Amino acid sequence: MSLTISDKAVLINAIRDIPDFPKPGIVFKDITTLLSDKDAFSLLMRHLHERYHSYNLTHIAGIDARGFIFGAALAQMLGVGFVPIRKKGKLPYTTVSEKYSLEYGVDEVEIHIDAFSGVDTPRVLLIDDLIATGGTAYAAANLITKVGAECVEACFIMGLDFLSGQSKLRDIVEVYTVIGVD
Ligand code: AMP
């Protein structure tokens, strides 16, 4: 099911803009209003299911924390496993980690070392709510490769098209954004 212009309008209108959060100058894209709107959430998940059901995925990897919501729902619909990629210090077992640069300083994401064990050739879809600079997703895609899986595509509900994150990420993985934001 590809999205019509009016479908996209439903999704865009279901996402709330919060100016100056978490700091001045940032417009935060709040997806809680989309999640609580059963018709918009269902439209989005049916679209993602339709796109990915023929990709022969074995897992969805979701980025901490909003990627968990869409990722876990989609994994259940597709009948595949779900793997969390978390901020440093949250995963309890042995991890592999990857640092990435922020505007000021560095951050770090982790994955369990055995996240895809038991599957010969894991084929993984990476998912998050939004791609801005792409640093988080770039590190997450590298983590998937580091633990021996193929990252087939990176999927975002929204892409901030005025930032260069998507083109940088496209150097290492296919990228799909449901909605582009100017
Ligand atoms: P980046 O690494 O710059 O691509 O940032 C992506 C991560 O930060 C994602 O996990 C997003 O949920 C979050 N994020 C960045 N900018 C925004 C924004 N304007 N609104 C909501 N979430 C954002």
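Use the structure listed above.
Residues numbered from 1 in each chain as written. Predicted model: local features only at pLDDT ≥ 70, side-chain atom pairs only at ≥ 80, totals over all residues. Heavy atoms only, no water.

Digging into the nonpolar core
Formed by 30 residues in total, the largest nonpolar core has its most connected members in Leu 11, Leu 44, Leu 48, Tyr 52, Ile 60 and Leu 74. Broken down by element, this core gets its largest block of residues, 6 residues, from helix H3 (residues 38-52). Not counting residues up to four positions away in its chain, the partners in contact with Ile 60 are Gly 71, Leu 74, Ala 75, Leu 78, Val 80, Gly 81, Phe 82, Val 83, Val 124, Leu 125 and Ile 127. Of all hydrophobic cores here, the second largest spans 27 residues; its members include Ala 61, Ile 85, Ile 131 and Ala 141. (Core = buried A, V, L, I, M, F, W, Y, C linked by side-chain atoms within 4.5 Å. Buried < 20%, exposed > 50% of the residue type's maximum accessible area, 1.4 Å probe, protein only. Helix = DSSP H or I, 4+ residues; strand = E, 2+ residues; numbered from the N terminus. Contact = heavy atoms within 4.5 Å.)

Observations regarding the packing of aromatic side chains
As enumerated under the stated definition, the model contains 4 aromatic pairs in all. Of note, Arg 51 hangs over the ring of Tyr 176, and the distance from its end group to the ring centre comes to 3.7 Å. The ring of Tyr 138 carries Lys 168 above its face, with NZ or CZ at 5.5 Å from the centroid. (Phe/Tyr/Trp six-rings, centres within 6.5 Å; stacked < 30°, edge-to-face > 60°. Lys NZ or Arg CZ within 6 Å of the ring centre and 35° of its normal.)

Notes on the packing of H3 against helix H4 (residues 66-78)
The description of two helices packed together rests on the angle between their axes and the distance between the axes. At a minimum axis distance of 10 Å, the contact between H3 and H4 shows a crossing angle of 55°. Comparing their axes, H4 and H3 come out oblique. Considering the relative orientation of H3 and H4, their crossing is right-handed. Seen from H3, the contacting residues are Phe 41, Leu 44, Met 45, Arg 46, Leu 48, His 49 and Tyr 52; seen from H4, they are Phe 70, Ala 73, Leu 74, Met 77 and Leu 78. By residue class, the composition of the contact of H3 with H4 is 10 nonpolar, 1 polar and 1 charged. (Axes fitted to C-alpha atoms, helices over the stretch in contact; angles between N-to-C directions. Parallel < 35°, antiparallel > 145°, perpendicular 65-115°, else oblique. Left-handed = near helix turned anticlockwise from the far one by under 90°. Nonpolar A, V, L, I, M, F, W, Y, C, P; charged D, E, K, R; others polar.)

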